[in-house]
Amino acid sequence: MPRFYVPAPLAPALTIDLPPGAARHAQVLRLQPGDGVTLFNGQGGQWAARVARMGKSAVTVQTLAHQAVEREAARPVHLAVGWMAAERLDWLIEKAVELGAASFTPVITARTQQRLTDTRADKKRGHWQAVAAAASEQCGRNRLMAIRAPLPLQTLMSSSAAANAPNVPARWLLSLTVDAAPLRAVFNALPPGAPVTLLSGPEGGFTDEELAGAQATGWRSVALGARVLRAETAPLAALAVLTAL
């Protein structure tokens, strides 16, 4: 059944117009009045609904009943990933949604080529939120992966200076250094459901100074193996391990 993200409060017997993007999708699918659809607003659960009217551009639907359906990963995993080429970053965000990441933070590093103004960063973030919403429609998630504002690596590291304190979520840095612990071994030692923040480098990797700074502020180096994975592959491989049922 077609699923549409509606960023608005939902209630039983509510008649609403779909947002423009969802309406275009409904038109492409050639939906007709009476056809069933599923709506979600990212606040949890989903709503059974039916098409009430198909206009030239607007599509009106009527909500029926709320369904308490959740498809979130048992363990919240927060991805922080070095900035990369636009098309790769879009693809990474899409797949991170499918694999169940709780949040995504683009990280500005020494090897980041692009420098954004605040206005352009806000525009990028809006684009990524749309990518995440579309991926949620496809994969069945009823809660949106949070898209954080781009953050300098130093800011991210300084906010985690107390990472070794009790009750603080695990903070892991994907690394190829000889002292990096195997990810699966570290993962198996975690309590069930314990949250993890996973930091992965940009194209070209972190500098030695950045690696030293991360370790000094409590990030633990973990490894996926001996092979060098691309910047968009490594965080997804780790995410697949951390969110596996």
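Residues numbered from 1 in each chain as written. Predicted model: local features only at pLDDT ≥ 70, side-chain atom pairs only at ≥ 80, totals over all residues. Heavy atoms only, no water.

Colleague: Is there a simple way to think about the environment of Leu 10 in this case?
Modeller: With respect to the element layout, Leu 10 can be found in the loop between strand E1 (3-5) and strand E2 (15-17). Classification of Leu 10 as buried rests on a relative accessible area of 13%. For Leu 10 and Val 97, which are 87 residues apart along the polypeptide, the C-alpha to C-alpha distance reads 23 Å. (Helix = DSSP H or I, 4+ residues; strand = E, 2+ residues; numbered from the N terminus. Buried < 20%, exposed > 50% of the residue type's maximum accessible area, 1.4 Å probe, protein only.)

Colleague: I tried to follow the nonpolar core on my own but got confused; where do I start?
Modeller: Here is a general trend for soluble globular proteins: nonpolar side chains tend to be buried in one another's company. Formed by 37 residues in total, the largest nonpolar core has its most connected members in Leu 79, Leu 89, Ile 93, Phe 104, Met 145, Trp 172 and Leu 242. Of all elements in the fold, only strand E6 (77-82), helix H2 (86-99), helix H3 (118-139), strand E10 (170-174), helix H5 (183-188), strand E12 (196-200) and helix H7 (234-242) reach the threshold of two or more residues within this core. Per-element accounting of this core gives the leading share, 6 residues, to H7. Ignoring anything within four residues of it in the chain, the contact list for Ile 93 reads Phe 104, Trp 128, Val 131, Ala 132, Met 145 and Ile 147. (Core = buried A, V, L, I, M, F, W, Y, C linked by side-chain atoms within 4.5 Å. Contact = heavy atoms within 4.5 Å.)

Colleague: Sorry if this is basic, but what is going on with helix H6 (residues 208-216) here?
Modeller: Since one α-helical turn is 3.6 residues long, residues separated by three or four positions face the same way. Listed in full, the buried residues belonging to H6 are Glu 210, Leu 211 and Ala 214. End-on, the buried residues of H6 take up no more than an arc of 100°, which puts them together on one face. Residues of H6 that are exposed and angled more than 90 degrees away from the buried face: Asp 208, Glu 209 and Ala 216. Its buried side turned inward, H6 meets helix H4 (153-158) and E10. Just downstream of H6, Gly 218 is the residue with a positive phi angle, here 100°. (Arc of directions from axis to C-beta.)

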